[in-house]
Amino acid sequence: MSDSSSTATAAPRLRDFYEGPAVPVASGRDRSRRQARMLARALGPAGAAGPATVLDVGCGDGTAAAVAAAAAPGHRFVGVDWSQGALRRAAAGVPYAVRGEVTGEGLPFASGAADAVLFSEVIEHLVDPDGALAEIHRVLRPGGHLLLSTPNLAAWYNRALLLAGVQPVFSEVSLREIHGRPGSAVVGHLRLFTARALRGLLTARGFVTVELAGAPYHDVPRPLRPLDRAACRVPSLASILLAHARRV
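Just so you know, these numbers come straight off a predicted model, no measurement behind them. (Residues numbered from 1 in each chain as written. Predicted model: local features only at pLDDT ≥ 70, side-chain atom pairs only at ≥ 80, totals over all residues. Heavy atoms only, no water.)

A. The nonpolar core, seen in detail. One finds Val117, Phe119, Leu146 and Leu202 to be the most contacted residues of the largest nonpolar core, which totals 29 residues. Those elements that place two or more of their residues in this core are strand E1 (53-57), strand E2 (76-81), strand E4 (114-120), helix H5 (129-139), strand E5 (140-151), helix H7 (195-204), strand E6 (207-215) and strand E7 (240-247). Those residues in contact with Phe119 that lie beyond four places of it in its chain are Val57, Val102, Leu126, Ala132, Ile136, Leu146, Leu147, Leu148 and Ser149. If you look at the next biggest cluster of nonpolar residues, it comprises 23 residues, including Met38, Ala68, Ala155 and Ile240. (Core = buried A, V, L, I, M, F, W, Y, C linked by side-chain atoms within 4.5 Å. Buried < 20%, exposed > 50% of the residue type's maximum accessible area, 1.4 Å probe, protein only. Helix = DSSP H or I, 4+ residues; strand = E, 2+ residues; numbered from the N terminus. Contact = heavy atoms within 4.5 Å.)

In structure tokens form, the structure reads like this:
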């Protein structure tokens with residue numbers, strides 16, 4: 001079977017999985033707040049030129065967009081998701097919520113229409129991350145901002161787990177149940193990145209990385225949370241990678 005036919009077959013199954021009510025559609029608040037501050041620094045205040053247009057691609061329940069809008073007032077936020085269930089939840093906190101996708105038919109926006117894109121905890125779920133970043137590159141204006149977050153394959157505890165022969169946190173070998181790793185929730189992670197790999201992919205797809213930061217993971221056991229927060233000072237060890245990149 002060719003790669004293209006495999007991708008086409010996988011897409012409907014993944015869509016059905018993500019429409020399931022038990023699949024999480026939001027990540028931790030701390031990650032959202034840190035990412036929102038990065039976006040606010042990138043955009044600055046809304047000035048005489050008018051508000052910036054920010055697309056929250058894969059908006060889920062709208063949490064990331066709502067937190068970012070509070071940190072960067074005066075700018076225009078649009079939630080985008082292909083899940084109708086997610087859009088219904090997002091509509092409660094996001095002024096505009098539209099259906100669209102970074103694969104298949106693409107995003108329903110003209111080239112260069114956006115000043116910034118939030119891409120929060122999405123890329124790890126995609127069969128084709130290259131195509132998704134190419135579509136985001138298309139809708140961003142030259143010099144526009146990409147704020148991307150994703151779990152870190154090389155998080156401090158994953159390094160220890162691998163040495164012990166344990167499947168790393170965030171990684172999954174099945175969409176039906178957990179095998180060989182801590183945790184109990186199946187969330188559909190297909191791709192995992194280290195800091196180096198994420199930088200390399202962004203560069204290859206026409207972005208320049210401005211900043212790479214870390215964020216804690218909300219499901220780390222309580223006794224380990226101080227250590228997890230301390231690891232954020234070294235992004236390559238952090239639970240979550242936060243990237244600010246600009247479109248070339």
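So that's the structure; there's more coming.
B. Examining the pairing of E5 more closely. Counted residue by residue, E5 has 10 buried out of 12 residues, so it is predominantly covered. Handedness of the crossover joining E4 and E5 through H5: right-handed. For E5 and E7, the ladder comprises seven bridges, and the chain directions are antiparallel. Residue pairing for E7: Thr150 is matched across the bridge by Leu241. (Right-handed = clockwise from strand over helix to strand, strands pointing away. Pairing = 2+ DSSP bridges.)

C. Just the sheet that holds E4, in detail. A sheet is described by the order of its strands in space; here seven strands give the open sequence E3-E2-E1-E4-E5-E7-E6, paired in mixed fashion. Of all the strands in the sheet, the pair left with one neighbour each is strand E3 (96-99) and E6. Ignoring which end each strand starts from, the neighbouring axes of this sheet average 20° apart. Examined bridge by bridge, E1 and E2 share five bridges and lie parallel to one another. (Axes fitted to C-alpha atoms, helices over the stretch in contact; angles between N-to-C directions.)

D. Just the packing of aromatic side chains, in detail. All chains considered together, the criterion is met by three aromatic pairs. For the ring pair Tyr157 and Phe170, a centre distance of 6.3 Å and an interplane angle of 55° mean the geometry is tilted. Of the two residues, Tyr157 is situated in helix H6 (residues 156-163) and Phe170 in the loop between H6 and H7; the sequence distance between them amounts to 13 residues. Taking the relative accessible area as the measure of exposure, Phe170 reaches 5% and is therefore buried. Residues Phe170 and Tyr217 carry aromatic rings whose centres are separated by 4.9 Å and whose planes lie at 70° to one another, so their mutual orientation is edge-to-face. With Phe170 in the loop between H6 and H7 and Tyr217 in the loop between E6 and helix H8 (225-231), this residue pair connects regions lying 47 residues apart in the sequence. An aromatic cluster of at least three residues, connected via ring pairs, comprises Trp156, Tyr157, Phe170 and Tyr217. (Phe/Tyr/Trp six-rings, centres within 6.5 Å; stacked < 30°, edge-to-face > 60°.)

E. Layout of the side chain of Asp56. Along the polypeptide, Asp56 turns up in strand E1. When sequence neighbours within four positions are dropped, the list of residues in contact with Asp56 reads Ala64, Ala65, Val78, Gly79, Val80 and Leu118.

F. Inspection of the environment of Ala155 at higher detail. Relative to the helices and strands, Ala155 resides in the loop between E5 and H6. Take Ala155: its relative accessible area is 0%, and that puts it in the buried class. Expressed as a C-alpha distance, the spacing of Ala155 and Gly214, which sit 59 residues apart in the sequence, is 9.8 Å. Excluding residues within four positions of it along the chain, Ala155 makes contact with Leu237, Ala238 and Ser239.

G. The pattern of salt bridges, seen in detail. All chains considered together, the criterion is met by eight salt bridges. Note that Glu211 and Arg41 form a salt bridge whose closest N and O atoms lie 3.4 Å from each other. You can see Glu211 sitting in strand E6 and its partner Arg41 sitting in helix H2 (residues 29-43), a full 170 residues away along the chain. Taking the relative accessible area as the measure of exposure, Glu211 reaches 29% and is therefore partly exposed. (Salt bridge = Lys/Arg side-chain N within 4 Å of Asp/Glu carboxyl O.)

H. Region of the structure containing the packing of H2 against helix H3 (residues 63-71). Between H2 and H3, whose axes approach to 8 Å, the crossing angle comes to 45°. Judged by the inter-axis angle, H2 sits oblique to H3. You can see that H2 and H3 cross each other, and the crossing is right-handed. Together, Arg29, Arg31, Ser32, Arg33, Ala36, Leu39 and Ala40 of H2 and Thr63, Ala64, Val67, Ala68 and Ala71 of H3 make up the contact between the two elements. Of the residues that constitute the contact of H2 with H3, the class distribution is seven nonpolar, two polar and three charged. (Parallel < 35°, antiparallel > 145°, perpendicular 65-115°, else oblique. Left-handed = near helix turned anticlockwise from the far one by under 90°. Nonpolar A, V, L, I, M, F, W, Y, C, P; charged D, E, K, R; others polar.)

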